[in-house]
Amino acid sequence: MSLFKIYVCVKHVPDSAATITVLGSDRIDANVTFLINPYDEHALTEAARIRQQHAPAEVVAVCLGPSAAENTLRSAMAMGADRSILVVTPQDHDSIFTARALKSAIAQDGEPGIILTGKEAIDTEGMQTLFRLAANFGLPAATNVVKLQLQDAAALVECEKESGAVDVIRMGLPCVVGAGKGLNTPRYPTFPEIVKSRKKEVKKIDVAALGIARPASRVEIIELKPAVENRAPRALTGSAAEIARQIAAILKEEARVI
Amino acid sequence: MEKVALLIEFKAGRVKKANFGMATLVRRSGKAMCAFVVNDSAAEAQAALEPYGVQQVVAIRSGGPGAAWDPARWARAIAAAMDRFGITQLVGLTTPQGRDLLPRIAAQLDAPLIMDCLEVDLDRQMVKTSRYSGKTVATIRLSGRHFIYGLRGNAVEAQKAPVAAERLSFDDTPGGDGGFEVLETRSDGGEALNLAEADVIISGGRGMKSGENFRLLFDCARLINGAAVGASRVAVDLGWVPYRMQVGQTGVKVNPKVYIACGISGSVQHFAGMKSSGMIIALNTDPNAAILAHCDYYAVADLFDVLPELKRQLTASMSSAE
Ligand SMILES: Cc1cc2nc3c(=O)[nH]c(=O)nc-3n(C[C@H](O)[C@H](O)[C@H](O)COP(=O)(O)OP(=O)(O)OC[C@H]3O[C@@H](n4cnc5c(N)ncnc54)[C@H](O)[C@@H]3O)c2cc1C
């Protein structure tokens, strides 16, 4: 039986708790802790689960990012990826270019049985790379997946929508799955797994070697500014009843919502 | 004249309120507006949207009469309708439905898309949106042949400007399903109001101490028109309330007129989801809680004392309004 290849696209993102400093007018000081994008952890955990069920299978983590993203791939391998591919780039890219680069790197490596990724990245919050990747491959895609079941030639997924509704969708394999938070509880690696991940392969490809032409469609950051906070906190004091009375008055007179 | 299409979203047969702000945004650009309605009532859309300056309603019929929701097929139909009506700019909402449709349309057209826009300049194809967990605001330029925008709920205040609208229709052409099939849509009958569209949100965190105590928040929310209840991740992780109520970096991003945080410390990840709120009110027993330094009004007080009083106040102001 041929190897079932599970590709997991992961992004190297600043720690959500990091202090972000804007340099110049369009980029951030990258001298902060970077981590694997949280939603991608759900994708990796799911990939490791599928590998069990679909043996023989392998999990390959793929990332477009700076050389430092090797750390993120090491975390991905500690969480279960067997090997990884880093498409090294010196700059940030939009999702249009990113999806082309990921497609090219995956297609060069092998034939995907399924592709997983997080439903969005917490830094740029684009919410679209997975759909573009799927379109580049001509594959079906679903986002915010909270349940995934592989059948013979199909994936049965449940996608969370608003107010607790879910869509139950069948996609032919291969397909692209955008992991939502409800998919699983990420399994964090044990120390031996971390040690083992250091020996796993990170194949580095220079982005230029993929020969991707500059897309005619793109988005560019013209300006990046720290979010200004212009709130001047005022204390409400007195007894609980007095505080409640003041809140009700604020809702009525200032905010005009009641 | 250049026309901009609005992707209208319905809920239970009615046009969602958030569409009116979206129509207002496009009307202010001075461009003609055309509302796309997929498999929902164009008559209802016309009646609801005429007051906001929409001059044209296009009923897109996808999948034949009675066809159920199918994001892949709808996206193809919307892209085809854009082509048919010569639309190069499409504006939708950053709701769960918008998150499922707009990226599919953008991928199909290989068009630039920015979700969760706070501002959109339709003349220059520039938007403002938050980046890095709400810690920065980015001005972004889109280039391409088509431009797609997902607007953050409540980003633009709706303003009336009545016109009369004409109604057109467009039928999609059947094609293969592309290996994608919606088998069913299930609902657990969750709360009626989506957090992202609420005018007022009352949220609870670890300080609520149990899921049952969230009743205190629901009791107040019920007394405020357009109010919904949210939660911090801790309250979700402890199993007190469902994940869809989580506000923050890895939850829903909200933009209400008023956000009331009860027993929430104000972590950066929580702020990432609610910092653009019009007004923030915090109730916390800890005078050093981070949220107290980043809000408009706060009370260092026990939520279990204040919330029952607030319920009483709201009940009183409701009956005095009648
Ligand atoms: C990658 C990542 C993503 C995350 N995403 C999110 C997210 O989307 N949303 C989110 O919320 N968090 C998120 N978090 C978690 C975040 O870091 C915090 O842990 C969380 O927000 C804290 O929740 P809390 O404020 O309810 O709890 P705590 O920080 O424990 O605060 C509880 C507060 O309640 C107050 N309190 C206690 N009793 C009372 C009382 N009787 N009356 C009044 N006040 C009282 C306390 O003084 C305290 O300030 C994320 C973390 C990470 C690492």
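Residues numbered from 1 in each chain as written. Chains lettered and ligands numbered in written order. Predicted model: local features only at pLDDT ≥ 70, side-chain atom pairs only at ≥ 80, totals over all residues. Heavy atoms only, no water.

Undergrad: Go over the overall build of chain B with me, naming the residues and quoting the values.
TA: Broken down by element type, chain B carries eight helices and 17 strands. The globule rule puts the C-alpha radius of gyration for 322 residues at 20 Å, and the 21 Å found for chain B is close to it. In chain B, of all internal contacts separated by at least 6 residues, the share reaching a separation of at least 24 is 65%. Of the charged side chains in chain B, 35 are positive and 33 negative, and the gap between their average positions amounts to 3 Å. (Helix = DSSP H or I, 4+ residues; strand = E, 2+ residues; numbered from the N terminus. Rg over C-alpha atoms; globule rule 2.2 N^0.38 Å. Contact = heavy atoms within 4.5 Å. Lys, Arg positive; Asp, Glu negative; His and termini not counted. Charge placed at Lys NZ, Arg CZ, Asp CG, Glu CD.)

Undergrad: Describe the site of the ligand, with residues and values.
TA: Residue and element names in this part refer to chain B. Of all residues adjacent to the ligand, which total 30 residues, the nearest are Arg 206, Ser 232, Thr 250, Ser 265 and Asn 284. Here an oxygen atom of the ligand sits 2.6 Å away from a polar atom, N or O, in the side chain of Arg 206. Arg 233 places a main-chain nitrogen or oxygen 2.9 Å from an oxygen atom of the ligand. Of all the secondary structure elements, the ones that give two or more residues to the shell around the ligand are helix H6 (233-237), helix H7 (268-274), strand E16 (279-284) and helix H8 (303-321). Within the shell around the ligand, the residues separate by chemical class into nine nonpolar, 16 polar and five charged. (Near = heavy atom within 4 Å. Polar contact = N/O pair within 3.5 Å; in protein donor to acceptor, adjacent residues only side chain to side chain. Nonpolar A, V, L, I, M, F, W, Y, C, P; charged D, E, K, R; others polar.)

Undergrad: Now, about the confidence of the model for chain B: what can you tell me, with residues and values included?
TA: With 98% of its residues at a pLDDT of 70 or more, chain B has an overall mean of 94. The ipTM assigned to the predicted complex is 0.95, against a pTM of 0.94. (pLDDT = per-residue confidence, 0-100.)

Undergrad: Explain the sheet that holds strand E9 (residues 136-143) of chain B to me, and be specific about the residues and the numbers.
TA: Sheet architecture is open: ten strands sit in the order E14(A)-E9(B)-E8(B)-E7(B)-E10(B)-E6(B)-E1(B)-E4(B)-E5(B)-E11(B), paired in mixed fashion. The sheet terminates laterally at strand E14 (218-226) of chain A together with strand E11 (166-171) of chain B, the two strands that pair on one side only. Across this sheet, the average inter-strand angle for adjacent strands is 35°, counted without regard to direction. As paired strands, strand E5 (residues 56-61) of chain B and E11 of chain B are joined by six bridges and run parallel to one another. Opposite Ala 59 of chain B, over in E11 of chain B, you have Ser 169 of chain B as the bridge partner. Sitting on the sheet, helix H1 (residues 18-28) of chain B is in contact with strand E1 (3-7), strand E4 (32-38), strand E6 (89-93), strand E7 (113-121) and strand E10 (147-151) of chain B, with an inclination near 150° to E6 of chain B. In the packing of helix H3 (residues 71-84) of chain B onto the sheet, the strands contacted are E1, E4, E5, E6 and E11 of chain B, and the crossing angle to E4 of chain B comes to about 150°. (Pairing = 2+ DSSP bridges. Axes fitted to C-alpha atoms, helices over the stretch in contact; angles between N-to-C directions.)

Undergrad: Just give me the short version of the interface of chain A and chain B, but keep the residues and values in it.
TA: Taken residue by residue, the interface counts 78 residues in chain A and 94 residues in chain B. Counting each side, the surface lost to burial between chain A and chain B is near 7,200 Å², with a carbon and sulfur contribution of 54%. Three residues stand out in chain A for area buried against chain B, namely Glu 162, Lys 181 and Arg 231 of chain A, and they jointly supply 10% of the buried area on that side. Inspection of the region where chain A meets chain B yields seven salt bridges. Two residues, Glu 120 of chain A and Lys 253 of chain B, come together in a salt bridge whose shortest N-O distance is 3.9 Å. Counting across the interface, chain A meets chain B through 38 residue pairs in polar contact (both at pLDDT 80 or more). Examining the composition of the side of chain A that touches chain B, we find that eleven residues originate from one element, helix H6 (residues 240-254) of chain A, more than from any other. The class makeup of the residues in the side of chain A that touches chain B is 44 nonpolar, nine polar and 25 charged. Inspection of the sheet shows strand E11 (residues 166-172) of chain A paired to strand E12 (residues 180-186) of chain B by six bridges, in the antiparallel sense. When the sheet's bridge partners are listed, Asp 167 of chain A is paired in E12 of chain B with Thr 185 of chain B. (Buried area = accessible area lost by both parts, 1.4 Å probe. Salt bridge = Lys/Arg side-chain N within 4 Å of Asp/Glu carboxyl O.)

Undergrad: So what's going on with the side chain of Thr 136 of chain B? Which residues, and what values?
TA: With respect to the secondary-structure elements, Thr 136 of chain B resides in strand E9. One polar contact links the side chain of Thr 136 of chain B to the main-chain carbonyl oxygen of Arg 131 of chain B, over a distance of 2.9 Å. Apart from the residues within four sequence positions on either side, Thr 136 of chain B is in contact with Ile 20, Val 22, Leu 224, Lys 225, Pro 226 and Ala 227 of chain A together with Thr 129, Ser 130 and Arg 131 of chain B.

Undergrad: Run through the environment of Pro 56 of chain A, naming residues and quoting values.
TA: When you line up the elements, Pro 56 of chain A lands in the loop between helix H1 (38-53) and strand E6 (57-65). A sequence separation of 51 residues divides Pro 56 of chain A from Lys 5 of chain A, and the C-alpha atoms of the two residues are 8.9 Å apart.

Undergrad: Break down the packing of helix H3 (residues 95-109) of chain A against helix H4 (residues 129-137) of chain A for me, with residues and values.
TA: Residues and elements named next belong to chain A. It is the contact of H3 with H4, at a shortest axis distance of 8 Å, that shows an interaxial angle of 50°. Accordingly, the angle class assigned to the pair H3 and H4 is oblique. The interaxial crossing formed by H3 with H4 has right-handed handedness. Across the interface between the two elements, Ser 95, Ile 96, Thr 98, Ala 99, Arg 100, Leu 102, Lys 103, Ile 106 and Ala 107 from H3 touch Thr 129, Arg 132, Leu 133, Asn 136 and Phe 137 from H4. Considering only residue class, the contact of H3 with H4 consists of seven nonpolar, four polar and three charged. (Parallel < 35°, antiparallel > 145°, perpendicular 65-115°, else oblique. Left-handed = near helix turned anticlockwise from the far one by under 90°.)

Undergrad: Outline helix H2 (residues 42-49) of chain B, listing residues and values.
TA: All names here are of chain B. The buried fraction of H2 is high, at six of eight residues. Of the surrounding secondary structure, the elements contacted by the buried residues of H2 are strand E2 (10-11), strand E3 (14-15), H1, E4, E5 and E11. The opening residue of H2, the one whose side-chain oxygen lies 3.3 Å from the backbone nitrogen of Ala 43, is Ser 41. (Buried < 20%, exposed > 50% of the residue type's maximum accessible area, 1.4 Å probe, protein only.)

Undergrad: Which residues make up the pattern of salt bridges, and what values go with them?
TA: Residues and elements named next belong to chain A. As enumerated under the stated definition, the model contains 39 salt bridges over all chains in all. The shortest N-O distance in the salt bridge between Arg 83 and Glu 58 comes to 2.9 Å. In this pair, Arg 83 sits in strand E7 (residues 83-88) while Glu 58 sits in strand E6, placing the two residues 25 residues apart along the sequence. Just as Arg 83 is buried, Glu 58 falls in that class too. One network of salt bridges, in which partners are shared, links Lys 5, Glu 58, Arg 83 and Asp 109.

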